[in-house]
Number of protein chains: 2
Amino acid sequence: MTETAITSRDNPIFKRLKKLGESARARRDAHMTLLDGEHLLEAYLDAGGTPRTVVRAASLAADRLAAHARRCPQAKWLVLPDALFAELAPVATPTGLLAEVAWLAPSPFAGTPLVIVLEDIQDPGNLGAMLRTGAAAGATLAVLSKGCHDPWSPKALRGGQGAQFVLPVQAGVDLQAWLAGFDGQCVALALGERSRDFYTLDLRGPLVLVAGNEGAGLSAAICRAAGTCAHIPMAGRIESLNASAALAVAVFEAVRQRRTR
Amino acid sequence: MTETAITSRDNPIFKRLKKLGESARARRDAHMTLLDGEHLLEAYLDAGGTPRTVVRAASLAADRLAAHARRCPQAKWLVLPDALFAELAPVATPTGLLAEVAWLAPSPFAGTPLVIVLEDIQDPGNLGAMLRTGAAAGATLAVLSKGCHDPWSPKALRGGQGAQFVLPVQAGVDLQAWLAGFDGQCVALALGERSRDFYTLDLRGPLVLVAGNEGAGLSAAICRAAGTCAHIPMAGRIESLNASAALAVAVFEAVRQRRTR
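An unreviewed UniProt entry annotates chain A as RNA methyltransferase of Thiobacillus sedimenti. According to the UniProt record, the Sequence similarities (unreviewed entry) comment for chain A is "Belongs to the class IV-like SAM-binding methyltransferase superfamily. RNA methyltransferase TrmH family."

**Remarks on the domain arrangement of chain A**
Residues and elements named next belong to chain A. When cut into domains, chain A gives domain 1 (3-102) and domain 2 (114-260). If you average the C-alpha positions of domain 1 and of domain 2, the two centres end up 31 Å apart. Facing the 16 residues of domain 1 at the interface are 10 residues of domain 2. Our count for the domain 1 to domain 2 interface comes out at two salt bridges. Between aspartate 36 and arginine 158 there is a salt bridge whose closest N-O contact spans 2.9 Å. Seen at the junction of domain 1 and domain 2, the total is four residue pairs in polar contact (both at pLDDT 80 or more).

**Here's the deal with the interface of chain A and chain B**
Each partner contributes to the interface: chain A provides 35 residues, whereas chain B provides 35 residues. The contact between chain A and chain B buries some 2,900 Å² in all, and 58% of this surface belongs to carbon and sulfur atoms. Considering only the surface of chain A that becomes buried against chain B, Arg132(A), Arg237(A) and Ile238(A) emerge as the three largest contributors, covering 24% of it. The interface formed by chain A and chain B contains four salt bridges. Between Arg256(B) and Glu253(A) there is a salt bridge, with its nearest N and O atoms 3.8 Å apart. Listed by contribution, the elements that provide at least two residues to the side of chain A that touches chain B are α6 (124-137), α8 (163-166) and α11 (243-260) of chain A.

**Digging into the packing of aromatic side chains**
This structure, assessed with the given rule, holds 10 aromatic pairs over all chains. Ring centres 6.5 Å apart and planes at 75° place the aromatic pair Phe198(A) and Tyr199(A) in the edge-to-face group. Across this residue pair, the class does not change: Phe198(A) and Tyr199(A) are buried. The interplanar angle of 80° and the centroid separation of 5.2 Å between the aromatic rings of Tyr44(B) and Phe165(B) together place this pair among those described as edge-to-face. Of this pair, Tyr44(B) sits in helix α3 (residues 38-46) while Phe165(B) sits in helix α8 (residues 163-166), and the two are 121 residues apart along the sequence. You can call Tyr44(B) buried: its relative accessible area is 1%. One aromatic cluster in this structure is built from Tyr44(A), Trp103(A), Trp152(A) and Phe165(A).

**Details of the sheet that holds strand β4 (residues 76-80) of chain B**
All names here are of chain B. Overall, mixed pairing links the five strands, which are arranged β1-β4-β3-β5-β2 in an open sheet. Edge strands, defined here as strands with exactly one partner in the open sheet, are β1 (3-5) and β2 (32-36). Taken pair by pair, the neighbouring strands of this sheet meet at an average axis angle of 25°, ignoring direction. Sheet contacts for helix α1 (residues 12-22): β2, β3 (53-57), β4 and β5 (97-102); angle to β2, the most-contacted strand, approximately 85°. Helix-sheet contacts for α3 involve β2 and β5, and the interaxial angle to β5 is about 30°.

**Focus on the pattern of salt bridges**
Across all of its chains, the model carries 30 salt bridges over all chains by this definition. Between Arg16(A) and Glu100(A) there is a salt bridge, with its nearest N and O atoms 2.8 Å apart. Of the two residues, Arg16(A) is situated in helix α1 (residues 12-22) and Glu100(A) in strand β5 (residues 97-102); the sequence distance between them amounts to 84 residues. Its salt-bridge partner being Arg56(B), residue Glu3(B) comes within 2.7 Å of it at the nearest N-O pair. Residue Glu3(B) is located in strand β1, and its partner Arg56(B) is located in strand β3; the two are separated by 53 residues in the primary sequence. According to the relative accessible area criterion, Glu3(B) is partly exposed, its value standing at 26%. Classification of Arg56(B) as buried rests on a relative accessible area of 8%. Among the charged side chains, a salt-bridge network with shared partners connects Glu253(A), Arg256(A), Glu253(B) and Arg256(B).

**Remarks on the relation of the copies chain A and chain B**
Least-squares fitting of chain A to chain B yields an RMSD of 0.0 Å, with the transformation described by 0.0 Å of translation along the axis and a rotation of 180°. Expressed as a symmetry operation, the mapping of one chain copy onto the other fits a two-fold axis. Closest approach to the rotation axis within chain A is made by the C-alpha atom of Val249(A), at a distance of 2.3 Å. When the interface residues of chain A are mapped onto chain B, 100% of them are again interface residues, pointing to one common binding face.

**Side note on the pairing of β5(B)**
The side chains of a regular strand alternate, residue by residue, between the two faces of the sheet. Residues and elements named next belong to chain B. Counting buried residues along β5, five of its six residues qualify, which places the element largely inside the surrounding structure. Across five bridges, the pairing between β2 and β5 is antiparallel. Looking across to β5, one finds that threonine 33 is bridged to valine 101. Judged from the four bridges that link them, β3 and β5 form a sheet pairing that is antiparallel. Across the sheet, the residue bridging to valine 54 is alanine 99, located in β5.

**A closer look at the sheet that holds strand β9 (residues 185-189) of chain B**
Residue and element names in this part refer to chain B. Pairing within the open sheet is parallel, and its seven strands lie in the order β8-β7-β6-β11-β9-β12-β10. A single partner strand is all that each edge strand has here, and the edge strands are β8 (169-173) and β10 (196-197). As judged from the five bridges shared by strand β6 (residues 114-118) and strand β11 (residues 207-211), these two strands associate in the parallel manner. Note on β11: the bridge partner recorded for valine 117 is valine 210. The sheet contacts of helix α6 (residues 124-137) involve β6, β7 (141-145), β8 and β11, and relative to β6 the element is tilted by about 175°.

**Notes on the pairing of β4(B)**
Residue and element names in this part refer to chain B. Most of β4 sits out of view: four of its five residues are buried. Bridging between β1 and β4 involves three bridges; their strand directions are parallel. Bridge assignment links threonine 4 to a residue of β4, and that residue is leucine 78. Relative to β4, β3 is paired through five bridges, and the arrangement is parallel. Paired with threonine 53 across the two strands is lysine 76, which belongs to β4. You can see the chain leave β3, run along helix α4 (residues 66-71) and come back into β4, and the turn it takes is right-handed.

Cut-off values and rules
- Residues numbered from 1 in each chain as written.
- Chains lettered and ligands numbered in written order.
- Predicted model: local features only at pLDDT ≥ 70, side-chain atom pairs only at ≥ 80, totals over all residues.
- Heavy atoms only, no water.
- UniProt positions renumbered as here; feature names shortened; annotations may be inferred.
- Domains from an automatic or database assignment.
- Contact = heavy atoms within 4.5 Å.
- Salt bridge = Lys/Arg side-chain N within 4 Å of Asp/Glu carboxyl O.
- Polar contact = N/O pair within 3.5 Å; in protein donor to acceptor, adjacent residues only side chain to side chain.
- Buried area = accessible area lost by both parts, 1.4 Å probe.
- Helix = DSSP H or I, 4+ residues; strand = E, 2+ residues; numbered from the N terminus.
- Phe/Tyr/Trp six-rings, centres within 6.5 Å; stacked < 30°, edge-to-face > 60°.
- Buried < 20%, exposed > 50% of the residue type's maximum accessible area, 1.4 Å probe, protein only.
- Pairing = 2+ DSSP bridges.
- Axes fitted to C-alpha atoms, helices over the stretch in contact; angles between N-to-C directions.
- Least-squares fit on C-alpha atoms with pLDDT ≥ 70 in both.
- Right-handed = clockwise from strand over helix to strand, strands pointing away.

Structure representation (structure tokens):
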């Protein structure tokens, strides 16, 4: 591979990459993003993506990247002084490797719909973790409200560990309208007076699971739109499970029922 | 309540609080910690704790704390200028309220043992989330290896949302020796050749679930010590679930079996 050295903040490629890392709007306009680290790059390549640019921090040995280089013959390779690289790196402990990549549009899953609907998950790590749980469970689609963090942000990608490359994601959706159009069972994960014991539900048909954010929980409007409200029964001395743990328990209970019942 | 104003970094109480926030050793020596925010203070009071000191940032209105003040008549109340308060606050978005409290020793749960054993969970937020999941599921005990983050650190407390006040926790434990002494089924949550499908296990008897950290997974020695190795079967296109999601699915599957089988 041939590397181009960039040493100035005024370099137009540097500016473009910086913008992609920082601005959800720039990412949306270009349908591109920055991803961070070898693991995510591998996952992106495994999913059939072709990176446009790969950026190495000068302190990361070039020969560590030889295997990746063989898999991205078309990419432009850049090397940056560590200080400049750190300005691009979206995470606290940068790995020394970034890639500029186009969003992927994973093909829809076949089979009985199992959709996760997320309302206003603002923390990128939580959002990524919930997408990762969905992808691991074989969810067929993730639908995100306008109030959710950008699923293609570098931090959400890190939280997702590749989930965004394999799970179809619709972002910026009007959830009430979407739920009204879904032909199947919609279950909002929430506590409350009319909330049912989640384990009493038959989850084998077309299913939507709706999860809200940590602090506020689901909005009343979304709970109404879902029709059914249910909760994971707690056996312990505290009555709260964090949102991503509750989603994990719920979505894998659906997986379990579909396998064994 | 009578408040004392502290305005200097040289104040001995300020120094003591700062040390408690920063040093695991100081916390261990004193069996005290700092907790952050009204929600955790309420949870601590609900669990029967009696805070020693309550600290307010000057910008937080004193009258918001009147209800708490009634519940901690014995506490010393301090008010600090915001800049000084921020130096104590262990989290990025401080709530304006800190309390200096003694560790609690929750009474053991009765009933069939359901123990979570955690190996080398170094991230405080993850550790807190796993303890919270355990507490919500009615785990009877949490056992932490020496390589785990301090469960009484301010960040782990925030992640736990009160779990540490209700779930008995043993920290700094030699896990191999502990597992050897447990009379019941020990299941290590790990992938691998001999790993069994988690859903085929009967989880109704005395049970230990062993979870490892995100990057490295469980050590081979701990998997051997556990005897049984099992994994949550993935239905999706990615083969990894984060450690706290996997633990949540596993521990609530035990809860489900105990309720319904």
